Amino acid sequence: MGLLDAILGRSKPVRPDLDQLFAVPSAALTLQVATGFTPTGLGSVCFAGVEGGGFARLQEDVRELLDADTERGGIPVEFSRDAYGYTWLLASHPADDTAGLVNDLHAVNTLLQDGGFGPHLLCSLIGFRDAEGAGGADAAEGRSLALVYLYKRGTFYPFAPLSGDAEKRDNQLELQVRGALGDDLRVEKDLSRWFPVWGAPGL
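Scope of this entry: the structure provided in the associated data block. (Residues numbered from 1 in each chain as written. Predicted model: local features only at pLDDT ≥ 70, side-chain atom pairs only at ≥ 80, totals over all residues. Heavy atoms only, no water.)

## Details of the overall build of the chain
In step 1: Along the chain, the regular secondary structure elements total five helices and six strands.
In step 2: Reading the chain from its N terminus to its C terminus gives the helix and strand order α-α-β-α-β-β-α-β-β-β-α.
In step 3: Going through the 203 residues of the chain one by one, you find that 42% of them count as buried.
In step 4: If you take every contact in the chain between residues at least 6 apart in sequence, the share linking residues at least 24 apart comes to 66%.
In step 5: Entry remark: accessible area of the chain is about 10,800 Å², with carbon and sulfur atoms responsible for 52%. (Helix = DSSP H or I, 4+ residues; strand = E, 2+ residues; numbered from the N terminus. Buried < 20%, exposed > 50% of the residue type's maximum accessible area, 1.4 Å probe, protein only. Contact = heavy atoms within 4.5 Å. Areas by Shrake-Rupley, 256 points an atom, 1.4 Å probe, with all protein chains shown as cover.)

Here's what the structure looks like:
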């Protein structure tokens, strides 16, 4: 912030460090070794819905950007809206192409940010699954896990919903993931900001 800004009481918001997302592929390898969770190839970006033609055009730009490779076998992106009115964009890649998925999520965040919609961006999510389970095939088969990137804070946190209809999470697993990835990702220290993302696309 310059002297003139200080005098006039203006402040410039800190520009989020989107490059933090590029640490996810390496973190995914660490996560697999430490917990057995592997990437699903699914990831999503959540943003507050904004009405108007400009935003509609931006959504089309995002779709064109990520659908550019569909003729070569890529999977089109999907837009949806949740019960809270937030818009989700779901991107899909082969499970072993975490780098490609992260590139897509980074591109979407950057496009929205550069289009002036940065304040509406909430988070990005990368999905993982433990196909074998930690307690045997019957005990925890198919457990889900997400690494959630908080756009405005530039930090990550794990979200591990328990299977079933009840909205409960596996806090022990989340803390285990935090310990495993502390050297790979900038993990959010304030646990009150580890918001649940129930039913998020890609989870």
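## Some remarks on empty space enclosed by the protein
Where empty space is left in the structure can be found by rolling a water-sized probe over the atoms.
In step 1: Going through the model one piece at a time under the given rule, you end up with one cavity of 30 Å³ or more.
In step 2: Put simply, the largest cavity is a space of about 40 Å³.
In step 3: Around the largest cavity, the lining residues are L147, F156, Y157, P158, V177, R178, L181, L185 and V187.
In step 4: Of all the elements in the fold, those that place two or more residues in the lining of the largest cavity are strand 6 (155-159) and helix 5 (171-181). (1 Å grid on protein atoms, 1.4 Å probe; cavity = no way out; pocket = protein on both sides within 12 Å on 5 of 7 lines; lining within 4 Å. Points joined across faces, edges and corners; volume = space filled by probe spheres on them.)

## As for the sheet that holds strand 5 (residues 143-150)
In step 1: Taking strand neighbours across the sheet as the criterion, the six strands line up as 2-3-1-4-5-6 in an open arrangement whose pairing is antiparallel. In this open sheet, the two strands that pair with only one neighbour each are strand 2 (78-81) and strand 6. For this sheet, the mean angle separating the axes of adjacent strands, direction not counted, is 25°.
In step 2: With respect to the sheet, helix 2 (residues 24-35) is in contact with strand 1 (38-48), strand 4 (121-130), strand 5 and strand 6, its orientation differing from that of strand 4 by roughly 35°.
In step 3: Packed onto the sheet, helix 4 (residues 98-117) meets strand 1, strand 3 (86-92) and strand 4 and runs at close to 10° relative to strand 1. (Pairing = 2+ DSSP bridges. Axes fitted to C-alpha atoms, helices over the stretch in contact; angles between N-to-C directions.)

## Examining the side chain of S124
In step 1: If you trace the backbone, S124 turns up in strand 4.
In step 2: Of the residues examined, S124 reaches a relative accessible area of 0% and is grouped as buried.
In step 3: Among the polar contacts listed, one links the side chain of S124 to the side chain of N109, at a separation of 2.9 Å.
In step 4: In contact with S124, other than residues within four places in its own chain, are S44, V45, N109, L147, V148 and Y149. (Polar contact = N/O pair within 3.5 Å; in protein donor to acceptor, adjacent residues only side chain to side chain.)

## A short note on the pairing of strand 4
In step 1: With eight of ten residues buried, strand 4 is to be regarded as a mostly interior element.
In step 2: Relative to strand 4, strand 1 is paired through seven bridges, and the arrangement is antiparallel. Residue pairing for strand 4: P39 is matched across the bridge by F128.
In step 3: In this structure, strand 4 lies alongside strand 5, joined through eight bridges in antiparallel fashion. Along strand 5, the bridge assignment pairs L125 with V148.

## Observations regarding the layout of surface pockets
In step 1: Size it by volume and the largest pocket reaches roughly 520 Å³.
In step 2: Looking at the largest pocket, it is lined by 22 residues, and the ones nearest its centre are Y86, L122, F195, P196 and V197.
In step 3: For the lining of the largest pocket, the elements supplying multiple residues, two or more each, are strand 3 and strand 4.
In step 4: For the lining of the largest pocket, the per-class residue count stands at 16 nonpolar, one polar and five charged. (Nonpolar A, V, L, I, M, F, W, Y, C, P; charged D, E, K, R; others polar.)

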